[in-house]
Every structure is written in C-alpha cells, then in structure tokens.
Amino acid sequence: MLFSRLLKKSALAALLLTLASIAPSMAQYLEPDIREPRIRAILYRKDNARALIYHDEQRFVASDQTRLDDEWYVKEIKRESILFKRTSTHSFVELSLKTPQKARFHRDASFYGHPIALWEALELLAGAFEYQAIMHFQAGGAVVPGDHGHSLSKLLQKVIPPHHRFTTDKNMVTVLPVYPSGEAWTEVIGRMKLCVPERLAIRYRGLDKPGIILSRGDDIQFILRKISLGGKVPIQFPRDLHFPVYASFRNLTFAQMLVKIVYLNQCIIIEREEGIEITPWPRQILQHRPYADFPALKAAPSEPQEGSGPMPPPIIWEHLLNHPVVQQPAQDY
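Residues numbered from 1 in each chain as written. Predicted model: local features only at pLDDT ≥ 70, side-chain atom pairs only at ≥ 80, totals over all residues. Heavy atoms only, no water.

### Considering the sheet that holds strand 7 (residues 109-113)
Piece 1. Within the open sheet, the five strands sit side by side as 3-2-1-7-11. Their pairing is antiparallel. In the strand order of this sheet, the two ends are held by strand 3 (58-62) and strand 11 (146-149), each with one partner. Each neighbouring strand pair of the sheet contributes to a mean axis angle of 15°, computed without reference to strand direction.
Piece 2. Of the strand pairs in this sheet, strand 1 (residues 38-44) and strand 7 are connected by four bridges, and their pairing is antiparallel. Counted as the bridge partner of I42 is Y112 from strand 7.
Piece 3. Running over the sheet, helix 2 (residues 118-128) touches strand 1, strand 2 (50-55), strand 3 and strand 7 and is turned about 135° from strand 2.
Piece 4. Contacting strand 7 and strand 11, helix 3 (residues 152-159) crosses the sheet at an angle of about 155° to strand 11. (Pairing = 2+ DSSP bridges. Helix = DSSP H or I, 4+ residues; strand = E, 2+ residues; numbered from the N terminus. Axes fitted to C-alpha atoms, helices over the stretch in contact; angles between N-to-C directions. Contact = heavy atoms within 4.5 Å.)

Rendered as structure tokens:
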C-alpha cells in the first residue's frame, strides 16, 4: 500500500518535471495576441523617446502619454520595452522589443527595431531629436535599427541606405538619393537654397502663417491644396503632376513648407499676379508640359508705323530659369 502511494507520487513528480521542461519550448510556438500592440522600433533618448507601434491595422509614432485607442495607453517608453496601461483591466502591461540585432553597449541614444522603411526611421529620428524632416519621393529602402549615437547625424550615418545623402540645416533634416531623376543631389539642394521663403511670404501674406503638415506618402496635389487653403493663396499645378510627399513639419510657415516640398522634389515656383504656379524643373518628372518653359516674349511689329521711324529690336533678357523663382505676368496659352 505504502509502496503504491510512493510510486504514484514519484510518477506525478516525474510528469510535472517533464511538463516544466517542455513548457518553454512550447511557448515559442504560441501565437501572439493580435489584440496587443506590436512594437516595431524604439528610439530611446532620455526625456524624449519615440516608438513605432502597429495596432489595429494602424501605424503609430508614439511618445510617452500617447493613447492608441480606448483600451491601450502608452505610459512609458524604455530602451528595449514599452509600459502600456490597459483601460478595461486598470492594469499595466510591459511588452518587450525582441530585435534581430542590437549594439553591444548602451550609450547615449539607442535605436532598436525590426526592419522598417526609411521614412519610418526618419520620422522617429526627427521626432526624438526635435527636427523637421523631409524626404525626396524617390528615396527609400529598408532600415534595420540596432545602433547607438549621441546625435541625429551620427545615427543617420549608421542607418541610411546606400546611394542616399542627407543634410541638416538648423532644425531641418533632408534626405534624397544621390542622383534623383538623373540630377546630382547637390544641384537639387543648391537650387532649393536659392529660393527664400521669407521673400515669398512678403508678396503672399497668407504664407507667413504657421501650420502643420504630416505626410506619409500623400499625393502632391493634395498637399498643395492644403497649403493653398492654409496660406489663403491660389496655387496652380499641371493636371498630370503626381508624386508622393514625405514630410513632417510642425509650426513652420506655409512659405517654408511650400519651398521645401516643391524644390526638394525637383519642381519650381512661378510667381504670378493671381497666385502661385508649380511646375516641374526641366527634364524632371514630366517630359511633356502643356505650357512654355520660358516667359512669353511679344514680337516687334513687322512694319514700322507711319511717321514713327524705324523700330529698335526687342530687348531679350537672359532667360529667367537660371533662378528658381520666375516672376512673370499671367499668360493665356
């Protein structure tokens, strides 16, 4: 009797030990709870962290105290995990970020995550370091975060894909390919610097008003309509002008946003009496345009008027497209 009880106890203990040994391996095959947020990347910076979170078929660039929906609330973003608060259970849930690679030591700001798109990485970096950001529509590629750095430039040098370049000017970061549409990236940046937003705002007063634009691939026509509405200025553009816009601007004037978006994506601004016209830079984006590239010139009369004497030849100035801003009266084509 006693022997049978001991045998049963030993068998039960052996069973428990067996279950305990196989439990971790079984847990590796458990399906994740689809109701929980999925952490894609964390850019940890003391007092100003950012995280890319996928939840309920939406993408969130979250910071501390960000609410995802009625159930999930971001309480605190840590270096390798995020502390959430659940409304229904009044409890806290800490979800860890398991990444394919990470730096060996924790120094300064850290950028960990799964493979993400270039714009997603740029938006995280710009938000954490308090920069405005804009990216050329032809730029792109996969970024695998797993680095440390003390500045935005250091981290960008580590994560930016090949054949891309970036510039930082004051609180603005710009990313573009080396040869967008066959043109050197330095020429695009140089042309953008020639246009002064403050001078544009003098003529069109509404563009001096500050605003916010967050575009993750919206069409250029939609963005131009938003600037036209916010800046209270008519903006014309070709019917077949289409490309995605990647920009994150906060508290910038509409003039600054317009200049950055237009010139980085290889278009130019033409100032007209009734408003602004946007047209692609020659050789870029559109090959056939329904209007002239150069200001129209009125031809001199073929015969002089009676009593007026010979007419001098017309004065033709050096063509104005050497400068990014072309001022000319409206023409009927």
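### Points about the packing of helix 4 (residues 185-194) against helix 7 (residues 254-264)
Piece 1. Two elements in contact, helix 4 and helix 7, have axes separated by 9 Å at closest approach and are oriented at 150°. Of the possible angle classes, the one that applies to helix 4 and helix 7 is roughly antiparallel. Where helix 4 crosses over helix 7, the handedness of that crossing is right-handed. Contacts from V188, I189, R191 and M192 of helix 4 reach helix 7 at V259, K260, Y263 and L264. (Parallel < 35°, antiparallel > 145°, perpendicular 65-115°, else oblique. Left-handed = near helix turned anticlockwise from the far one by under 90°.)

### Looking at helix 4
For an α-helix the count is 3.6 residues per turn, leaving residues at separations of three or four pointing the same way.
Piece 1. Turning to helix 4, its buried residues number three or more, namely V188, I189, R191 and M192. Buried residues of helix 4, viewed axially, fall in a sector of 160°; they line one side.
Piece 2. For helix 4, the secondary structure elements touched by its buried residues are strand 12 (164-169), strand 13 (172-177) and helix 7. (Buried < 20%, exposed > 50% of the residue type's maximum accessible area, 1.4 Å probe, protein only. Arc of directions from axis to C-beta.)

### Some points on the pattern of salt bridges
Piece 1. If you walk through the whole model with that rule in mind, you get nine salt bridges.
Piece 2. Linking E123 and R59 is a salt bridge whose minimum nitrogen-to-oxygen distance equals 2.9 Å. With E123 in helix 2 and R59 in strand 3, the pair connects residues that are 64 residues apart, well separated along the chain.
Piece 3. On the basis of relative accessible area, E123 is assigned to the buried category, the value being 6%. (Salt bridge = Lys/Arg side-chain N within 4 Å of Asp/Glu carboxyl O.)

### Side note on the sheet that holds strand 16 (residues 244-253)
Piece 1. Spatial ordering of the open sheet is given by 12-13-9-16-14, a layout of five strands whose pairing is mixed. The two strands at the open ends of the sheet, each matched to only one other strand, are strand 12 and strand 14 (210-219). For this sheet the average axis-to-axis angle between neighbouring strands, irrespective of direction, equals 15°.
Piece 2. Bridge count for strand 14 against strand 16 is nine bridges, and the pairing is antiparallel. From the neighbouring strand, I212 faces strand 16, where its bridge partner is R250.
Piece 3. Sitting on the sheet, helix 3 is in contact with strand 12 and strand 13, with an inclination near 175° to strand 12.
Piece 4. Across the face of the sheet, helix 6 (residues 220-231) comes into contact with strand 14 and strand 16 while running at roughly 165° to strand 14.

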